[in-house]
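The lines below spell out each chain.
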Amino acid sequence: MTRAAPTAPPPLLSPSLRVLLGLAASVVVLAGVFFARDIFGPLALAIVLVVICEPVRRPLERRGWPRWSGTTAVIVVAYLVLVGMAALLWLAGTQFARLVADYVDELRANVDELLAWLASAGLHQEATDAAAAVLDPRTLVDLASSLGGTILAVATALFFVFAYVIFMAADAARYRSADRLFGAERRPVLARIGHLNTGIRRYYVVNASFGAIVAIIDGLALWALGVPAPLVWAILAFVTNFVPNIGFVLGLIPPAVLAFVVGGWPMLLAVIAIYSVVNVVLQVLVQPKFVSDAVDLSLTLSFFSVVFWTFIIGPLGAILSIPLTLFVRALVLEGDPGALWLRWLSGDHSATPANAAAAASAAPSLAPPRRRP
């Protein structure tokens, strides 16, 4: 007589209750990040910069240079990237403010002409007043000035980023020995960290490549049309390319306004058409597919992450949205074997069941035999 196998004890928490507790914990954590975004944002930016620049250390180590030389190289490259991007944004903002002030009379004349046409077309008075308020030269100058103030506030926070970069670059040199010391014990964790770092680097390489292509095409088109300062707007197109999905809209506004000032409606429509064709095809249709393949994120999640992280930590979240989403997935999902389904939904191509290949190979054998003629 054989004894029946003991039944497994029921789980302490039902699946629905575990989901609710997980969501509640996520809300608490994200609320903390939201209220501490002035601290969390620079910290996240410093981490991403160190991750991107870390490969600079490898050639120096292969040549037998001391550890401090590799750390110094990482810090210098990270500083150059950070200062370069800030300088490009500052240049675009100040040039836009200067050009709007220089062309304020032409802009006012074009706005008056537009409002007269809207009134003749029978547009309601409130809509006409709204268009006048948006296109008012003083409003545009104030907007450009506010952009300059925002850039100044970001520059103030760069002090903390500079300090974080120094400390993290020094710690990164020490962490490189983790695989040798704890490889057998912590190999899954180290593998997830390595996969995360690789995904972040691939993401920014793809963005920089497409941004350069878009900037060259936009700059040449603006130069051919006669839009003032085409090089500045090409630089702005390159910088805003690091904001997924909606970056081209941010880069379109200044050259579109100046095209309207210089050439009226025909030039404005030409600039919008060129940006729509080039930027929509490359940035909205082609680039997200390459980004999705590079970082294993679904297109929907890539777009949603921009809105979500911008709400959580402000404008910096738009630039760091993909790395932050990759970090959350690596921290929450990749270490949980039961989250394989959620990882697959997020776009992780490696998240497939162990028996998927066997099931796929066995699938043709289940098909009915073909009748002979």
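It should be noted that the structure appears before, not after, this text.
Described below are features of the structure shown in this document. (Residues numbered from 1 in each chain as written. Predicted model: local features only at pLDDT ≥ 70, side-chain atom pairs only at ≥ 80, totals over all residues. Heavy atoms only, no water.)

### Comments concerning the overall build of the chain
Right, so step 1: Secondary structure assignment for the chain yields 15 helices and 0 strands.
Right, so step 2: Per-residue burial for the chain yields a buried fraction of 36% across its 373 residues.
Right, so step 3: For the chain, contacts bridging at least 24 residues in sequence account for 73% of all contacts bridging at least 6.
Right, so step 4: Of the roughly 22,000 Å² of accessible surface on the chain, a fraction of 72% belongs to carbon and sulfur atoms. (Helix = DSSP H or I, 4+ residues; strand = E, 2+ residues; numbered from the N terminus. Buried < 20%, exposed > 50% of the residue type's maximum accessible area, 1.4 Å probe, protein only. Contact = heavy atoms within 4.5 Å. Areas by Shrake-Rupley, 256 points an atom, 1.4 Å probe, with all protein chains shown as cover.)

### Some thoughts on the side chain of Thr325
Right, so step 1: Tracing the chain through its elements places Thr325 in helix H13 (residues 321–333).
Right, so step 2: For Thr325, a relative accessible area of 9% corresponds to the buried category.
Right, so step 3: A polar atom in the side chain of Thr325 sits 3.1 Å from the side chain of Trp309.
Right, so step 4: Apart from residues lying up to four places away in sequence, Thr325 is in contact with Leu297, Leu301, Ser305 and Trp309. (Polar contact = N/O pair within 3.5 Å; in protein donor to acceptor, adjacent residues only side chain to side chain.)

### Overview of the environment of Trp344
Right, so step 1: With respect to the helices and strands, the residue Trp344 is situated in helix H14 (residues 340–346).
Right, so step 2: For Trp344 and Ser298, which are 46 residues apart along the polypeptide, the C-alpha to C-alpha distance reads 9.2 Å.

### Regarding unusual backbone geometry
Right, so step 1: For Ala229, which is not a glycine, the phi torsion comes out positive at approximately 55 degrees.
Right, so step 2: Positionally, Ala229 belongs in the loop between helix H8 (178–225) and helix H9 (230–240).

### Some details on the packing of aromatic side chains
Right, so step 1: Considering all chains together, one arrives at 7 aromatic pairs under this definition.
Right, so step 2: Taking the centre distance of 4.8 Å and the plane angle of 70 degrees together, the rings of Tyr203 and Tyr204 count as edge-to-face.
Right, so step 3: Take Tyr203: its relative accessible area is 1%, and that puts it in the buried class.
Right, so step 4: For Tyr204, a relative accessible area of 10% corresponds to the buried category. (Phe/Tyr/Trp six-rings, centres within 6.5 Å; stacked < 30°, edge-to-face > 60°.)

### A look at the nonpolar core
Right, so step 1: The biggest cluster of nonpolar side chains holds 40 residues, and the ones touching the most others in it are Val165 and Val295.
Right, so step 2: Elements supplying a minimum of two residues to this core: helix H2 (37–53), helix H4 (67–102), helix H7 (137–175), H8, helix H10 (247–295), helix H11 (299–313) and H13.
Right, so step 3: Here Val295 is in contact with Gly199, Tyr203, Ile322, Leu326 and Arg329, once residues within four sequence places are set aside.
Right, so step 4: The next biggest cluster of nonpolar side chains, apart from the first, holds 19 residues, and it includes Ala92, Leu236, Ala256 and Phe260. (Core = buried A, V, L, I, M, F, W, Y, C linked by side-chain atoms within 4.5 Å.)

### A look at the packing of H11 against H13
The description of two helices packed together rests on the angle between their axes and the distance between the axes.
Right, so step 1: Direction vectors running N to C along H11 and H13 enclose 95 degrees, while the axes themselves pass 8 Å from each other. One finds that H11 runs roughly perpendicular with respect to H13. Listed contacts from H13 to Leu301, Ser302, Ser305, Val306, Trp309 and Ile313 of H11 are Ser321, Ile322, Leu324, Thr325 and Val328.
Right, so step 2: In the contact of H11 with H13, the residues fall into 7 nonpolar, 4 polar and no charged. (Axes fitted to C-alpha atoms, helices over the stretch in contact; angles between N-to-C directions. Parallel < 35°, antiparallel > 145°, perpendicular 65-115°, else oblique. Nonpolar A, V, L, I, M, F, W, Y, C, P; charged D, E, K, R; others polar.)

### A few points about a nonpolar patch on the surface
Right, so step 1: Together, Leu17, Val19, Leu20, Leu21 and Leu23 give the surface a local cluster of nonpolar side chains, amounting to about 460 Å² of exposed area.
Right, so step 2: As for its position among the elements, Val19 is in helix H1 (residues 15–35). (Patch = residues over 30% accessible without salt bridge, like charges linked within 9 Å, V, L, I, M, F, W, Y side chains within 5 Å. Salt bridge = Lys/Arg side-chain N within 4 Å of Asp/Glu carboxyl O.)

### Overview of the packing of H2 against H4
Right, so step 1: Where H2 meets H4, the closest approach of the two axes is 9 Å, and the angle between their N-to-C directions is 120 degrees. Between H2 and H4, the crossing angle belongs to the class labelled oblique. H2 and H4 meet at a crossing whose hand is right-handed. Residue-level inspection shows Leu45, Leu49 and Cys53 of H2 in contact with H4, the latter providing Val74, Val77, Ala78, Val81 and Leu82.
Right, so step 2: Its residues placed into classes, the contact of H2 with H4 shows 8 nonpolar, no polar and no charged. (Left-handed = near helix turned anticlockwise from the far one by under 90°.)

### Regarding the side chain of Asp218
Right, so step 1: Secondary-structure assignment places Asp218 in helix H8.
Right, so step 2: Not counting the four nearest positions on each side in its chain, Asp218 is found in contact with Ala237, Tyr275, Val278 and Asn279.

### Some words on H2
Right, so step 1: Across its 17 residues, H2 extends 24 Å between first and last C-alpha, which sits within 8% of the 24 Å expected from 1.5 Å per residue.
Right, so step 2: Restricting attention to buried positions, one finds in H2 the residues Gly41, Pro42, Ala44, Leu45, Ala46, Val48, Leu49, Val50, Val51 and Cys53. (Expected span 1.5 Å × (residues − 1).)

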